[in-house]
Amino acid sequence: MNRVPPVLVYTVLRLLAFFVPLGILLVLRIEPWIAAVLSALIGLAVSFILLRTPREKVAEGIYDRRHGRHTPDTTDEDAEDARDATS
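A quick note: this is a predicted structure, and the numbers were derived from the prediction, not measured.

(A) The arrangement of the pattern of salt bridges in detail. This model, assessed by the stated rule, comprises one salt bridge. The shortest N-O distance in the salt bridge between E56 and R52 comes to 2.9 Å. Here E56 and its partner R52 are both found in helix α3 (residues 52–66), four residues apart, which amounts to about one turn of the helix. Taking the relative accessible area as the measure of exposure, R52 reaches 52% and is therefore exposed.

Here it is as structure tokens:
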């Protein structure tokens, strides 16, 4: 079973941390540009406080790729077998 990449989880959570407050502020009829600025600040604070674990997983994945410790999801043999099976 494929798991969701940590970078995708973190990105979606960061977007939610921005768009949920933005929607609430716009429903409250706050000026749109003020709502956007406040939403950005709220999203930044929320992501800094609550999204530590996903942020660290993304950073760890980036570090592993940069330092050659990344193991590929499929090996060359698996890719070749899959290609041969479709032929």
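(B) Here's a closer look at the packing of helix α1 (residues 6–27) against helix α2 (residues 32–50). Where α1 contacts α2, the two axes come as close as 8 Å, and the packing angle between them is 140°. Read as a crossing pair, α1 and α2 show a hand that is right-handed. Contacts between α1 and α2 pair R14, A17, F18, P21, L22, L25 and L26 from the former with P32, A35, A36, L38, S39, A40, I42, G43, V46 and S47 from the latter. Its residues placed into classes, the contact of α1 with α2 shows 13 nonpolar, three polar and one charged.

(C) View of the UniProt feature "transmembrane region" (unreviewed entry) in the protein. Per the UniProt entry, the sites bearing "transmembrane region" (unreviewed entry) are residues 7–27 and 33–51 in this numbering. As a span, residues 33–51 carries 95% helix and 0% strand, and end to end its C-alpha atoms are 25 Å apart.

(D) Main features of α2. Along its 19 residues, α2 runs 26 Å from first to last C-alpha, staying within 8% of the 27 Å computed at 1.5 Å per residue. Listed as buried for α2 are A35, S39, G43 and S47. All buried residues of α2 fall inside an arc of 90° around its axis, so they share one side. What points out from α2, more than 90 degrees from its buried face, is the exposed set W33, L41, F48 and I49. Of the surrounding secondary structure, the elements contacted by the buried residues of α2 are α1 and α3.

(E) Local environment of α1. The terminal C-alpha atoms of α1 lie 32 Å apart, and with 22 residues this matches the ideal 32 Å at 1.5 Å per residue to within 8%. If you follow the buried residues of α1, they end up packed against α2 and α3. Directly beyond the C-terminal end of α1, a positive phi value near 65° is found at R29.

Parameters and conventions
Residues numbered from 1 in each chain as written. Predicted model: local features only at pLDDT ≥ 70, side-chain atom pairs only at ≥ 80, totals over all residues. Heavy atoms only, no water. Salt bridge = Lys/Arg side-chain N within 4 Å of Asp/Glu carboxyl O. Helix = DSSP H or I, 4+ residues; strand = E, 2+ residues; numbered from the N terminus. Buried < 20%, exposed > 50% of the residue type's maximum accessible area, 1.4 Å probe, protein only. Axes fitted to C-alpha atoms, helices over the stretch in contact; angles between N-to-C directions. Left-handed = near helix turned anticlockwise from the far one by under 90°. Contact = heavy atoms within 4.5 Å. Nonpolar A, V, L, I, M, F, W, Y, C, P; charged D, E, K, R; others polar. UniProt positions renumbered as here; feature names shortened; annotations may be inferred. Expected span 1.5 Å × (residues − 1). Arc of directions from axis to C-beta.

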